[in-house]
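One-letter residues, chain by chain:
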Number of protein chains: 2
Amino acid sequence: MSNKKITALAGGVGGAKLVYGLSRILDAQDFNVIVNTGDDFNYYGFQISPDIDSILYSLADVSDPINGFGRKEDSFTVFNTLEDLGDKTWFRLGDKDLALNIKRTQLLKSGMSLSTVTKILCDSLGIQTSVIPMTNDPVYTKIQTCDLGVMDFQEYFVLNKFQPKVKMIFYSNIESAKLTDQAKKVIEDSDVIIICPSNPWLSIFPILGIPTIRELISSKKVVAVSPIIGHNAVKGPTAKLFEEFGEVPSAYGIARLYQSIISTLIIDHQNSDEIEQIEELGIKTHVTDIIMLDDTQKIRLAQEIVRLLGD
Amino acid sequence: MSNKKITALAGGVGGAKLVYGLSRILDAQDFNVIVNTGDDFNYYGFQISPDIDSILYSLADVSDPINGFGRKEDSFTVFNTLEDLGDKTWFRLGDKDLALNIKRTQLLKSGMSLSTVTKILCDSLGIQTSVIPMTNDPVYTKIQTCDLGVMDFQEYFVLNKFQPKVKMIFYSNIESAKLTDQAKKVIEDSDVIIICPSNPWLSIFPILGIPTIRELISSKKVVAVSPIIGHNAVKGPTAKLFEEFGEVPSAYGIARLYQSIISTLIIDHQNSDEIEQIEELGIKTHVTDIIMLDDTQKIRLAQEIVRLLGD
């Protein structure tokens, strides 16, 4: 359909869906994904990369269609047994999911970088698309809550089900984090950068916060897909965060967040009354169905975006 | 039946069976088990204590009656998935078994000693008998093979299915290992030490090799149960090792190995023609059925031993 070289920036479930769609219509050598690692954490000694795994499982077609994270048809014998042994587990990994995390942890301990390990995991799962961590350095998304102090991302997101009111989000260690060589190379080689319909603060800004990446993409065509439908997010705390930051959740709000970076924002039909407002920011709009309930819809949206880029 | 205080020295499957029987007829405060840790190893980052776990699972009545190790009714989703991901796994943990090893590893990493962690695992499994590691220090049973150099125990036992011809067995780091405080105390408080029907070189000599333990038991009544039935072992390489060390596998051979320590050897009917030879070593014999195919037989043998001690 296109021989433009495309790099997606992604994190979380919405990102994984669009990445799936793009991977099904683009040649592997023309499409790469740079993934947020700010949610990564250590649990029970396992080095867990939730956003990388959402992408891996989506690309390998083994992701859980109900939860949107983890693997489909997984069992929970290990974590059930830990609970039988008296442990209180606030985060539960399925058995198959655990196996991948055991493998990643073991490879990282052997001295490999997260990039190298992620490449090995892609090969193990038969994935041809390059899935590239934004950095091999530890960056931690931290949530400054209004009432409960600073929380680690997973403490906020999983343990507290993103209910605490958020004052500010910051990314610990980001100033000294280095963009991976592979991420740098694929951006340089790209014609287009697609910002996936992921949470801006939790999935995209950690990537854009890595030093040098904004300069690298400044000469590229950058297109974003709004994660807001009407005034809601499909999943997760995007709409809630808009409100906590004193704004109405909207495609226009997304446009303002990405104003300095993007030339086009793809928005949902439900937000078509915001077109004029968004275009006043100097951003083109394209209206379509953004919600992706099944693989057909993921591929359809991907096709529409790629067609748009061809213009 | 008895209010003698009894400490068993055990390792492996035969030891776990007799320990089960003894635990069912003795009060928890009168019965303790000191367990071999020479087989302990690290695999995929997990700190595995095979002999401790054989005892724990046996005492908790969850051990696999077919394999004699691992948990009954366990699944292998995690290790199957690791293999699906391309790993060659030479050692496989069941999912439930893995959970316990995850918990142990995590507690050890938090800075607890193996003794403390084992106590916590006993509590988690509802075990009242004290299961005491011989040492909290790393001791590694090493196999000097005739043709393949020195192997780690698990490399010899699991990976090579104890087929390599053995020249010598030694216990790395044993000179500097310290008997655990709890092991010291229970031996001091004991009236009788029972050496379980475990492999002498692989399960019992590592325990007896810890400095000070031989002195501590020298003033106690020590009874051993032969792991040899006729000229064979019930399980494992005991008979094969006898042959590789140039001896015929026999109860007499066991008697000679424990000659300086034991006052009584409990032998199987099939070895009754060796009584005279054994008693010439200054060791009393007691003849019975040693093989324990089910729980009834484990309890019966335990009862007979305890009755013998009462004399």
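The rules behind the values
Residues numbered from 1 in each chain as written. Chains lettered and ligands numbered in written order. Predicted model: local features only at pLDDT ≥ 70, side-chain atom pairs only at ≥ 80, totals over all residues. Heavy atoms only, no water. Least-squares fit on C-alpha atoms with pLDDT ≥ 70 in both. Contact = heavy atoms within 4.5 Å. Buried area = accessible area lost by both parts, 1.4 Å probe. Salt bridge = Lys/Arg side-chain N within 4 Å of Asp/Glu carboxyl O. Polar contact = N/O pair within 3.5 Å; in protein donor to acceptor, adjacent residues only side chain to side chain. Helix = DSSP H or I, 4+ residues; strand = E, 2+ residues; numbered from the N terminus. Nonpolar A, V, L, I, M, F, W, Y, C, P; charged D, E, K, R; others polar. Axes fitted to C-alpha atoms, helices over the stretch in contact; angles between N-to-C directions. Left-handed = near helix turned anticlockwise from the far one by under 90°. Pairing = 2+ DSSP bridges.

*Asks:* Hey, could you run me through the relation of the copies chain A and chain B in this one?
*Replies:* In this structure, two copies of a chain are linked by a rotation about an axis accompanied by a shift along it. Of the two same-sequence chains, chain A is brought onto chain B (RMSD 0.0 Å, axial shift 0.0 Å) by a rotation of 180°. In short, the pair behaves as if placed about a two-fold rotation axis. Measuring from the rotation axis to each C-alpha of chain A, the shortest distance belongs to Asp95 of chain A, at 3.8 Å. Mapped onto chain B, 100% of the interface residues of chain A are again interface residues, and the two copies thus contact each other with one and the same surface.

*Asks:* What should I look at first to understand the interface of chain A and chain B in this one?
*Replies:* Size of an interface, as often reported, equals the accessible area lost when the parts are brought together. Counting residues at the interface gives 23 residues for chain A, matched by 23 residues for chain B. In terms of surface lost to chain B, no three residues of chain A exceed Leu85, Ile102 and Lys103 of chain A, which account for 28% of the buried area on that side. Across the chain A-chain B interface, the total number found is 2 salt bridges. A salt bridge links Lys103 of chain B to Asp87 of chain A, with the nearest nitrogen and oxygen atoms 2.3 Å apart. Our enumeration of links across chain A and chain B arrives at 8 residue pairs in polar contact (both at pLDDT 80 or more). Sorting the residues of the side of chain A that touches chain B by element identifies helix H3 (77-84) and helix H4 (95-109) of chain A as the ones contributing at least two each. Counting residues per element, the side of chain A that touches chain B draws most heavily on H4 of chain A, at 9 residues. Grouping the constituent residues of the side of chain A that touches chain B by class yields 10 nonpolar, 6 polar and 7 charged.

*Asks:* What should I look at first to understand the packing of helix H1 (residues 12-25) of chain A against helix H2 (residues 50-59) of chain A in this one?
*Replies:* Two quantities define a packed helix pair, namely the angle between the helix axes and the distance between the axes. Residues and elements named next belong to chain A. The contact between H1 and H2 brings their axes to 9 Å, and the two run at 35°. Handedness of the H1/H2 crossing: right-handed. Within the contact between the two elements, H1 uses Gly12, Gly15, Ala16, Lys17, Val19, Tyr20, Ser23 and Arg24 and H2 uses Asp51, Ser54, Ile55, Ser58 and Leu59. Tallied by class, the residues present in the contact of H1 with H2 amount to 5 nonpolar, 5 polar and 3 charged.

*Asks:* Can you help me understand the sheet that holds strand S10 (residues 221-225) of chain A in this one?
*Replies:* Residue and element names in this part refer to chain A. Across the sheet, which stays open at both edges, the 7 strands sit in the order S5-S2-S1-S9-S10-S13-S14 with parallel pairing between neighbours. Edge strands, defined here as strands with exactly one partner in the open sheet, are strand S5 (130-133) and strand S14 (284-288). Sheet twist, expressed as the average angle between the axes of neighbouring strands with direction ignored, equals 25°. By the bridge criterion, 3 bridges tie S10 to strand S13 (residues 264-268) in an arrangement that is parallel. Bridge pairing links Val223 to Thr264 in S13.

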